[in-house]
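If you want the building blocks of each chain, they are given just below.
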Amino acid sequence: MTSSSSPSQDTKRLAYTYPEGLRADALMEEDVAWSLETDSDRDGDQFDRSERAALRRVAGLSTELEDVTEVEYRQLRLERVVLVGVWTSGTVQDAENSLAELAALAETAGALVLDGVIQRRDKPDAATYIGSGKAEELRDIVLETGADTVICDGELSPGQLIHLEDVVKVKVIDRTALILDIFAQHAKSREGKAQVALAQMQYMLPRLRGWGQSLSRQMGGGKGGGLATRGPGETKIETDRRRIREKMAKMRREIAEMKTGREIKRQERKRHKVPSVAIAGYTNAGKSSLLNRLTGAGVLVENALFATLDPTVRRAETPSGRLYTLADTVGFVRHLPHHLVEAFRSTMEEVGESDLILHVVDGSHPNPEEQLAAVREVIRDVGATDVPEIVVINKADAADPLTLQRLLRVEKRSIAVSARTGRGIEELLALIDNELPRPSVEIEALVPYTHGKLVARAHDEGEVISEEHTPEGTLLKVRVHEELAAELTPYVPTPAG
């Protein structure tokens, strides 16, 4: 016989049915601790405990193709992956955006995304990242989809990596390893390859495992054999770690040598007083497209994350005729692995040593403010917070007008452009011209024709206000730096009288 009762009556019934010590456990198990007085005024959807703790499927992540022939071809060369995220703070939309970005990273690395799930927790589980029960559920999803790899949206400790692999029975990698793999694929220059290799070894060192853990060698030493040679010596894994450390030391020396070459070029530009502008921004925000539009550099442009890693420096000219250099830097991403920040520090110093930063943000992205915050965090890490910054909102032709208005209102020094169509580029060039540091000394000099090099330097290093060719020489009115002003001073015309 069934009867209806109110939640408060159910709670009372449990109070009499269960002994005092088991009452709290019963309430937890049945999830009936609800009262009209305390719970009726709660705002938002109220989920029961099982729904709150469940793995949430994130729709729209699968990149599996419909065409059978193309699917079969891709399966020969692509890993089939399931994505896993832990949602610890923010909204569901924030967590899903983070997993969508992980899906884009996986695609860039050449993987086929089959599914994506999010687990709501206060903090990641210390043993298996998502908890032992949810790891078993993840194992079922892996079997159901036929995946061969699980990618976690965070950096896993060596213990988490081992324990989760033991449960799901397929390869597990984390966000850091995925980004390192993308960098390894895209690095082209000698310096870029060395920096990525160093970052990979730093990441790999504490995560070495396998048969080498149980294999040991003889201790060595001792005269004529005996006990001294029988003890367990250096294990295979210890040998591997020692070799990796030796390689890392060698790699650091090579990067230091390449850094010296970069610094010499930078000092040469400073000696000639050529202002420098660095383009920084989130990956795939359109930095290379902007560089090409401003200078005609011909840098690779591709709709992919981290398409270009190697920094490109090009000469450019302002509308008033002033020369400056424009440097395209490596793209940033949320939670950029600290190994990469360290390895690419010499490259990122282009940002810290510049006179102006063009901070490019994708105006068509669902949450451009997050991109701005992520890039500024890395800029802070490399010590470039004092460099003036212009926020360049790219892809204005594809952006929501309300988003553009919001960004332009919040970011005081900002401009909306489209590197694809050319919209706003003239205004950006004029803004760069105004923001670049100007020579401090204004001088008028009559330079003899025999000293044409000084005139050429005035054009290259200064700002020519007026120029007139007279029988005695070139009459220049220029704004230059102090060193060149001292060289021009002997040629300043004396007042008539």
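Residues numbered from 1 in each chain as written. Predicted model: local features only at pLDDT ≥ 70, side-chain atom pairs only at ≥ 80, totals over all residues. Heavy atoms only, no water.

1. With respect to the environment of Leu-404
Here is step 1 of the chain: Within the secondary structure layout, Leu-404 lies in helix H16 (residues 401–410).
Here is step 2 of the chain: Judged by relative accessible area, Leu-404 falls into the buried class, the value being 7%.
Here is step 3 of the chain: Leave out the neighbours within four places in its chain, and Leu-404 touches Ile-393, Ala-396, Ala-399, Ala-416 and Arg-423. (Helix = DSSP H or I, 4+ residues; strand = E, 2+ residues; numbered from the N terminus. Buried < 20%, exposed > 50% of the residue type's maximum accessible area, 1.4 Å probe, protein only. Contact = heavy atoms within 4.5 Å.)

2. Side note on the packing of aromatic side chains
Here is step 1 of the chain: All told, the structure shown has zero aromatic pairs when counted by the stated rule.
Here is step 2 of the chain: Seen from the ring of Trp-87, Arg-120 lies directly overhead, with NZ or CZ sitting 4.4 Å from the centre. (Phe/Tyr/Trp six-rings, centres within 6.5 Å; stacked < 30°, edge-to-face > 60°. Lys NZ or Arg CZ within 6 Å of the ring centre and 35° of its normal.)

3. Digging into the sheet that holds strand S16 (residues 473–480)
Here is step 1 of the chain: Spatial strand order, S14-S16-S15: three strands in an open sheet with antiparallel pairing. Across the chains shown, the open sheet's two edge strands, defined by having one partner strand only, are strand S14 (441–447) and strand S15 (463–470). Strand-to-strand, the axes of this sheet are offset by a mean angle of 10 degrees, without reference to chain direction.
Here is step 2 of the chain: Sheet analysis places S14 next to S16, joined by seven bridges and oriented antiparallel. From the neighbouring strand, Leu-446 faces S16, where its bridge partner is Leu-475.
Here is step 3 of the chain: Running over the sheet, helix H18 (residues 452–461) touches S14, S15 and S16 and is turned about 150 degrees from S15. (Pairing = 2+ DSSP bridges. Axes fitted to C-alpha atoms, helices over the stretch in contact; angles between N-to-C directions.)

4. Considering the sheet that holds strand S13 (residues 414–416)
Here is step 1 of the chain: Pairing is mixed across the open sheet formed by six strands, whose spatial order is S9-S10-S8-S11-S12-S13. Two strands lie at the open edges of the sheet, namely strand S9 (312–317) and S13, each paired on one side alone. Strand-to-strand twist of the sheet, defined as the mean angle between neighbouring strand axes without regard to direction, takes the value 25 degrees.
Here is step 2 of the chain: Of the pairings in the sheet, the one linking strand S8 (residues 276–281) to strand S10 (residues 323–328) comprises four bridges and is parallel in character. Residue pairing across strands places Ala-278 opposite Ala-327, the latter belonging to S10.
Here is step 3 of the chain: Against the sheet, helix H12 (residues 287–295) makes contact with S8, S9, S10, strand S11 (356–362) and strand S12 (389–394), and its axis sits at roughly 160 degrees relative to S10, the strand it touches most.

5. Some remarks on the packing of helix H9 (residues 175–186) against helix H10 (residues 190–204)
Here is step 1 of the chain: Interaxial distance between H9 and H10 falls to 10 Å at its minimum, and their mutual angle equals 155 degrees. Taken together, the axes of H9 and H10 lie roughly antiparallel to each other. Relative to H10, H9 is oriented so that their crossing is left-handed. Residue-level contacts link Thr-176, Ala-177, Leu-180, Phe-183 and Ala-184 of H9 to Val-196, Ala-199, Gln-200 and Tyr-203 of H10. (Parallel < 35°, antiparallel > 145°, perpendicular 65-115°, else oblique. Left-handed = near helix turned anticlockwise from the far one by under 90°.)

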